[in-house]
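# Residue-level structure breakdown
Spelled out, the chains give:
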Amino acid sequence: EDQVTQSPEALRLQEGESSSLNCSYTVSGLRGLFWYRQDPGKGPEFLFTLYSAGEEKEKERLKATLTKKESFLHITAPKPEDSATYLCAGSGNFNKFYFGSGTKLNVKP
Amino acid sequence: EPEVTQTPSHQVTQMGQEVILRCVPISNHLYFYWYRQILGQKVEFLVSFYNNEISEKSEIFDDQFSVERPDGSNFTLKIRSTKLEDSAMYFCASRAGSINYGYTFGSGTRLTVV
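Attention here is on the structure that accompanies the text.

About the criteria used
Residues numbered from 1 in each chain as written. Chains lettered and ligands numbered in written order. Predicted model: local features only at pLDDT ≥ 70, side-chain atom pairs only at ≥ 80, totals over all residues. Heavy atoms only, no water. Helix = DSSP H or I, 4+ residues; strand = E, 2+ residues; numbered from the N terminus. Rg over C-alpha atoms; globule rule 2.2 N^0.38 Å. Buried < 20%, exposed > 50% of the residue type's maximum accessible area, 1.4 Å probe, protein only. Salt bridge = Lys/Arg side-chain N within 4 Å of Asp/Glu carboxyl O. Contact = heavy atoms within 4.5 Å. Polar contact = N/O pair within 3.5 Å; in protein donor to acceptor, adjacent residues only side chain to side chain. Nonpolar A, V, L, I, M, F, W, Y, C, P; charged D, E, K, R; others polar. Disulfide = S-S within 2.5 Å. Pairing = 2+ DSSP bridges. Axes fitted to C-alpha atoms, helices over the stretch in contact; angles between N-to-C directions.

If you tally the helices and strands in chain B, you get 0 helices and 11 strands. Shown N-terminal to C-terminal, the secondary structure of chain B runs as helices and strands in the order β-β-β-β-β-β-β-β-β-β-β. Here the C-alpha atoms of chain B give a radius of gyration of 13 Å, agreeing with the 13 Å that 2.2 N^0.38 yields for 114 residues. Its C-alpha atoms give chain B principal-axis dimensions of roughly 40 × 25 × 25 Å. Within the span of chain B, comprising 114 residues, buried residues form 46% of the whole.

Dropping the structure here:
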């Protein structure tokens with residue numbers, strides 16, 4: 001069964017305290033792994049697309065990496081405005097995304 | 001920045017009533033989607049649409065659901081006879097030919113069935 005699992009469910013960090021979020025996947029013929037940010041009451045906002053193991057993408061304080069079984073979203077020196085739920089999704093044909101349950105990140109000043 | 005627009009933002013309906021959720025995708029996008037998120041659960045796929053036909057649909061997307069692109073700009077999701085378990089946030093999404101930027105999601109319609 002195609003599935004995406006994220007951990008931890010929730011993460012509290014102090015401002016400036018770096019950490020990583022995990023996304024493990026079992027999606028047949030994975031062609032893309034996607035990271036999104038979701039603020040309360042809003043739709044997911046695109047962050048990264050990763051296509052193959054070993055690939056890395058960066059944007060400001062965020063860096064996403066991909067292996068054959070999992071992906072990590074590294075947050076370096078987070079700020080309170082980085083507080084959100086981070087969603088991971090895998091897709092085998094781009095018609096359908098399998099989303100994880102998300103990691104709710106809270107960054108305290 | 002271009003965005004996907006969904007209306008209404010919140011709809012309350014009685015069980016058994018028909019509802020139509022409306023979406024205006026980004027103008028040059030070719031692929032369209034509906035997802036939903038029941039409170040506290042994962043975002044789950046409903047249907048994908050390309051070239052005026054359904055590309056793929058989930059088990060959730062049964063005969064009670066239908067999608068339509070009635071003109072060049074709107075994309076609608078119809079639920080014929082709503083059930084309590086249809087209460088969720090419904091997200092429309094679209095993408096261009098390339099998947100490099102993933103899907104662009106709208107802000108959602110919160111559907112409450114009473």
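Next comes the rest of the description.
Here we take up the pattern of salt bridges. Residues and elements named next belong to chain B. Enumeration according to the criterion identifies 7 salt bridges over all chains in this entry. Here Asp-86 and Arg-36 are joined by a salt bridge, their closest N and O atoms 3.9 Å apart. With Asp-86 in the loop between strand S8 (75–79) and strand S9 (88–95) and Arg-36 in strand S4 (residues 31–37), the pair connects residues that are 50 residues apart, well separated along the chain. Overlapping salt bridges bring together Arg-36, Glu-44 and Asp-86 as one network.

Turning our eyes to something else, we now look at the interface of chain A and chain B. By a frequent convention, interface size equals the accessible area lost on bringing the separate parts together. Across the contact, 21 residues belong to chain A and 20 residues belong to chain B. As a salt-bridge pair, Lys96(A) and Glu56(B) come within 3.1 Å of each other at their nearest N and O atoms. Where chain A meets chain B, there are 11 residue pairs in polar contact (both at pLDDT 80 or more). Looking at the side of chain A that touches chain B, the element that brings in the most residues is strand S4 (residues 32–38) of chain A, giving 3 residues. Looking at the side of chain A that touches chain B residue by residue, the class counts come to 10 nonpolar, 9 polar and 2 charged.

Within the secondary structure layout, Gln37(B) lies in strand S4. A relative accessible area of 17% places Gln37(B) in the buried class. Looking at Gln37(B), its side chain comes within polar contact range of the side chain of Gln38(A), at 3.3 Å. Residues contacting Gln37(B), with those up to four places away along its chain left out, are Gln38(A), Lys42(B), Val43(B), Ala88(B), Met89(B) and Phe91(B).

Counted under the stated rule, the structure contains 2 disulfides over all chains. With a sulfur-sulfur separation of 1.8 Å, Cys23(A) is cross-linked through a disulfide to Cys88(A). Since a negative S-S torsion denotes a left-handed disulfide, the Cys23(A)-Cys88(A) link at about -55° is left-handed. Taken together, the residues span a long stretch of sequence, with Cys23(A) in strand S3 (residues 19–26) and Cys88(A) in strand S9 (residues 84–91) at a distance of 65 residues. What makes Cys23(A) buried here is its relative accessible area of 0%. Bridging Cys23(B) to Cys92(B), the disulfide has an S-S length of 2.0 Å. An S-S torsion of about -65° defines the bridge between Cys23(B) and Cys92(B) as left-handed. In this pair, Cys23(B) is assigned in strand S3 (residues 19–24) and Cys92(B) in strand S9, connecting sequence segments 69 residues apart. We note that Cys23(B), like Cys92(B), is buried.

Residue and element names in this part refer to chain B. Read across the open sheet, the 4 strands follow the order S1-S3-S8-S7; overall the sheet is antiparallel. Unpaired on one side and paired on the other, strand S1 (5–7) and strand S7 (65–68) mark the two borders of the sheet. When the angles between neighbouring strand axes are averaged without regard to direction, this sheet yields 20°. Sheet analysis places S7 next to S8, joined by 4 bridges and oriented antiparallel. In the strand pairing of S8, Ser-66 is matched with Lys-78.

Functional significance is not addressed by these values, which are geometric in nature.
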